[in-house]
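Chains, contacts and geometry: an overview
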Amino acid sequence: MRNEMELTFDAVSNNESFARVAVAAFVSHLNPTLEELADIKTAVSEAVTNSIIHGYENLYGYGRHGEVRPSYETVHPGKVRIRCLLEKGILHIEVTDKGKGISDIERAMEPLFTTKPELERSGMGFAFMEAFMDDLEVSSVPGQGTCVRMKKKLGTGEWIDRED
């Protein structure tokens, strides 16, 4: 069975939780385990947050721990796109932005590396995506945006072997 969905939303912090829930709802008919759902939601959350904070530098809602909002509140226009494809028990997720891009992907993917230390960012976003998903690929062009592709094999129910 093949199923696909696509969402496009404003690059603002409030939409990060919407993206997580939307992707979880998309896979829910497969009865994933709670662990699988948690892994997917965490990876999507990290990818979307990276697009918002780093791609568009929209920091409203992502202040230091305990702060309601950072001192800068400008929200730059931008969209985040999520595309999900379910095929033969594998969930493919693409999170794309047309933000500022990443000049050094290898460095950006290093655990604990962050370009926003003033916000107490942990620098673990890509590490979490890599840990919770089965495959992670990041492509980016400075000034044009970033695409994060992730895959996760879900359960092994009998529906996987059936073709429509």
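Anyway, here's the lowdown on the structure attached to this text. Bear in mind that the values here come from a model prediction, so they are computed numbers and not experimental data.

**Comments concerning the overall build of the protein chain**
Across its full length, the protein chain holds 4 helices and 5 strands. Looking at the protein chain residue by residue over its 164 residues, the buried ones come to 45%. Put simply, of all contacts in the protein chain between residues at least 6 apart along the chain, 65% involve residues at least 24 apart. For the protein chain, the computed accessible surface area is about 9000 Å², with 50% contributed by carbon and sulfur atoms.

**Description of the nonpolar core**
Burial of nonpolar side chains together is a common tendency in soluble globular proteins. Counting 34 residues, the largest nonpolar core has Val23, Val48, Ile82, Leu91, Ile93 and Met150 as the members making the most contacts within it. Of all the elements in the fold, those that place two or more residues in this core are β1 (2-10), α1 (14-27), α2 (34-55), β2 (79-87), β3 (90-97), α4 (125-132), β4 (135-141) and β5 (145-153). Take this core: its biggest share by element is 6 residues, from α2. Discounting chain neighbours no more than four positions away, the residues touching Ile82 are Met5, Glu6, Leu7, Phe9, Ala19, Val23, Val44, Val48, Ile93, Glu94 and Val95.

**Digging into the sheet that holds β1**
Taking strand neighbours across the sheet as the criterion, the 5 strands line up as β1-β2-β3-β5-β4 in an open arrangement whose pairing is antiparallel. At either end of the open sheet lies a strand with only one pairing partner, and these are β1 and β4. On average, each strand axis in the sheet is inclined to that of its neighbour by 10 degrees, with strand direction left out of account. Strand direction decides the pairing type here: β1 and β2, joined by 9 bridges, are antiparallel. Bridging from a neighbouring strand, Glu4 pairs with Leu85 of β2.

**A closer look at the environment of Thr146**
For Thr146, the position within the fold is in strand β5. Its relative accessible area of 9% is what places Thr146 among the buried residues. In this view, Thr146 contacts Val95, Thr96, Asp97, Gly101, Ile102, Val138, Ser139 and Ser140; residues no more than four positions away in its chain are not counted. Only 2.8 Å separates the side chain of Thr146 from the side chain of Ser140, close enough to count as a polar contact.

**Quick notes on the packing of aromatic side chains**
Evaluation of the coordinates by the stated rule reveals 2 aromatic pairs. Consider the rings of Phe128 and Phe132, whose centres lie 6.0 Å apart with planes at 25 degrees: the pair is stacked. Residue Phe128 and its partner Phe132 are both found in helix α4; the two are separated by 4 residues, about one turn of the helix.

**Regarding α4**
Every buried residue belonging to α4 is among Gly125, Phe126, Ala127 and Met129, and all of these are buried. On its buried side, α4 packs onto α2, α3 (105-108), β4 and β5.

**Section: the packing of α2 against α4**
Two packed helices can be described by the angle between their axes and the distance between those axes. Running from N to C, α2 and α4 cross one another at 150 degrees; their axes reach a closest spacing of 9 Å. Between α2 and α4, the angle falls in the class roughly antiparallel. Seen from above, α2 lies across α4 with left-handed handedness. Taking contact as the criterion, the partners of Asp39, Thr42, Ala43, Glu46, Ala47 and Asn50 in α2 are, on α4, Gly125, Phe126, Phe128, Met129 and Phe132.

Conventions and cut-offs
Residues numbered from 1 in each chain as written. Predicted model: local features only at pLDDT ≥ 70, side-chain atom pairs only at ≥ 80, totals over all residues. Heavy atoms only, no water. Helix = DSSP H or I, 4+ residues; strand = E, 2+ residues; numbered from the N terminus. Buried < 20%, exposed > 50% of the residue type's maximum accessible area, 1.4 Å probe, protein only. Contact = heavy atoms within 4.5 Å. Areas by Shrake-Rupley, 256 points an atom, 1.4 Å probe, with all protein chains shown as cover. Core = buried A, V, L, I, M, F, W, Y, C linked by side-chain atoms within 4.5 Å. Pairing = 2+ DSSP bridges. Axes fitted to C-alpha atoms, helices over the stretch in contact; angles between N-to-C directions. Polar contact = N/O pair within 3.5 Å; in protein donor to acceptor, adjacent residues only side chain to side chain. Phe/Tyr/Trp six-rings, centres within 6.5 Å; stacked < 30°, edge-to-face > 60°. Parallel < 35°, antiparallel > 145°, perpendicular 65-115°, else oblique. Left-handed = near helix turned anticlockwise from the far one by under 90°.

Structural measurements only, silent on function.
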